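The chain contents come next:
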Amino acid sequence: MSGPIRNIVILSGAGISAESGLRTFRASDGLWEDHHVEDIATPEGFRRDPALVQRFYDDRRAQVRAAQPNPAHVALARLDREWSGNLLIVTQNIDDLHERAGAARVLHIHGEALSAWCTACDARHRWNDPLSDTPPCPACGTTALRPDIVWFGEIPYRMDDIIDAIDRADLFVSIGTSGAVYPAAGFVQQAGAAGVRTLELNLERSQGSQWFDESRLGPASTLVPQWVDEMLAS
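Computed from a predicted model, the values in this text were never measured in an experiment. (Residues numbered from 1 in each chain as written. Predicted model: local features only at pLDDT ≥ 70, side-chain atom pairs only at ≥ 80, totals over all residues. Heavy atoms only, no water.)

Caption draft 1: How the structure looks around the side chain of serine 17. Among the structural elements, serine 17 can be located in helix H1 (residues 14–18). You can call serine 17 buried: its relative accessible area is 2%. Here aspartate 95 takes part through its side chain, which lies 2.7 Å from a polar atom of the side chain of serine 17. If sequence neighbours within four positions are ignored, serine 17 has contacts with Leu22, His73, Asn93, Asp95 and Leu97. (Helix = DSSP H or I, 4+ residues; strand = E, 2+ residues; numbered from the N terminus. Buried < 20%, exposed > 50% of the residue type's maximum accessible area, 1.4 Å probe, protein only. Polar contact = N/O pair within 3.5 Å; in protein donor to acceptor, adjacent residues only side chain to side chain. Contact = heavy atoms within 4.5 Å.)

See the structure below:
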């Protein structure tokens, strides 16, 4: 890549955590962990059967806690630690593997499995235990806790901050994403319109692959450390 790069925005998706044993969001049959997405990832599904949704995310929380960061997470944490310019890792993933690998400049656009949101007082709490037994909110005492997850029909977190970071970036990198879930799938087009260079690191071409200046195909645990080595060497 020609020209100086100082400000980087990285979008990470399910493909980066799949190599840590966490299943990707939706299978080819439209199911997520054998459930219809509308039943466990929409506000309507939660109102219809809150016990089912709470049990589902209790299981996801346990899976996240059991998973370990892989070389792709570790490499991005190294970049975060050693890169002197601006850097933002925007992750679509609800796991904490970026943070456990050591990355600090991370934004969870779709929420976090290890967080609980009280819909009564709007407090958010770090959470490792089940929510299916309706524990009280530590802040207000009500039993109005739900997974701190952005479901379909809800607005992703900190969109203004993400858009601003992309507009100021020199390089936008997408890692392990399908290019199917908006608004994140549209970030590459926003970057291109702002004159930002774009790079895709993915197991296979995403649905938005044509919008990238360059695509490198292969496992994230191989491609990401190679790319980070290149960036830090430059």
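There's plenty left to go through after this.
Caption draft 2: Here's a closer look at the domain arrangement of the chain. Looking at the chain, the domain boundaries give domain 1 (1–21 + 69–110 + 155–233) and domain 2 (23–66 + 115–149). Contact residues are listed per partner, giving 9 residues for domain 1 and 9 residues for domain 2. Taken over both partners, the interface formed by domain 1 and domain 2 buries close to 800 Å², and the fraction arising from carbon and sulfur atoms is 60%. Here domain 1 and domain 2 share 1 salt bridge between them. Across the pair arginine 126 and aspartate 96 runs a salt bridge, and its minimum N-O distance is 3.4 Å. When grouped by side-chain class, the residues that make up the side of domain 1 that touches domain 2 number 4 nonpolar, 2 polar and 3 charged. (Domains from an automatic or database assignment. Buried area = accessible area lost by both parts, 1.4 Å probe. Salt bridge = Lys/Arg side-chain N within 4 Å of Asp/Glu carboxyl O. Nonpolar A, V, L, I, M, F, W, Y, C, P; charged D, E, K, R; others polar.)

Caption draft 3: Expanded view of the sheet that holds strand E8 (residues 145–149). Strand order in the open sheet made by the 3 strands is E7-E6-E8, with antiparallel pairing throughout. Both edges of this open sheet fall to strand E7 (124–126) and E8, since each of them pairs with a single strand only. Each neighbouring strand pair of the sheet contributes to a mean axis angle of 40 degrees, computed without reference to strand direction. Of the pairings in the sheet, the one linking strand E6 (residues 111–118) to E7 comprises 3 bridges and is antiparallel in character. Looking across to E7, one finds that serine 115 is bridged to arginine 126. (Pairing = 2+ DSSP bridges. Axes fitted to C-alpha atoms, helices over the stretch in contact; angles between N-to-C directions.)

Caption draft 4: Inspection of the pattern of salt bridges at higher detail. Overall, the coordinates contain 16 salt bridges when judged by the stated rule. Close ionic contact of arginine 168 with aspartate 164 constitutes a salt bridge, the shortest N to O distance being 3.0 Å. Residue classification places arginine 168 among the partly exposed positions, given a relative accessible area of 43%. A residue is classified by how much of its surface remains accessible, and aspartate 164, at 39% relative accessible area, is partly exposed. It is possible to trace a salt-bridge network through shared partners that takes in Asp96, Arg100, Glu112 and Arg126.

Caption draft 5: Molecular detail of the state of the cysteines. Under the counting rule described, the total for this entry stands at 0 disulfides. Summary of cysteine pairing: cysteine 137 is not part of a disulfide, and the nearest cysteine sulfur, belonging to cysteine 118, is at 3.7 Å. (Disulfide = S-S within 2.5 Å.)

Caption draft 6: Quick peek at the environment of arginine 47. Assignment of secondary structure puts arginine 47 in helix H3 (residues 43–48). Take arginine 47: its relative accessible area is 61%, and that puts it in the exposed class. As for arginine 47 and glycine 102, which are separated by 55 residues in sequence, their C-alpha atoms are 37 Å apart.

Caption draft 7: Summary view of the nonpolar core. Among the nonpolar cores identified, the biggest contains 26 residues, and Ile8, Ile10, Leu76, Val173, Ile175, Val224 and Trp227 are the most heavily contacted of them. Among the elements of the structure, strand E1 (8–12), helix H5 (71–82), strand E4 (87–91), strand E9 (171–175), strand E10 (197–202) and helix H9 (220–233) are those that each provide at least two residues to this core. Residues Leu88, Met159, Ile162 and Ala191 belong to the second largest nonpolar core, which totals 18 residues. (Core = buried A, V, L, I, M, F, W, Y, C linked by side-chain atoms within 4.5 Å.)

Caption draft 8: Region of the structure containing the environment of aspartate 167. Turning to its location among the elements, aspartate 167 is positioned in helix H7 (residues 159–167). Assessed through its relative accessible area of 42%, aspartate 167 is described here as partly exposed. Sequence separation of aspartate 167 and serine 221 is 54 residues, and the distance between their C-alpha atoms is 28 Å. In terms of polar contacts, aspartate 167 uses its side chain to reach the side chain of glutamine 190, at 3.1 Å.

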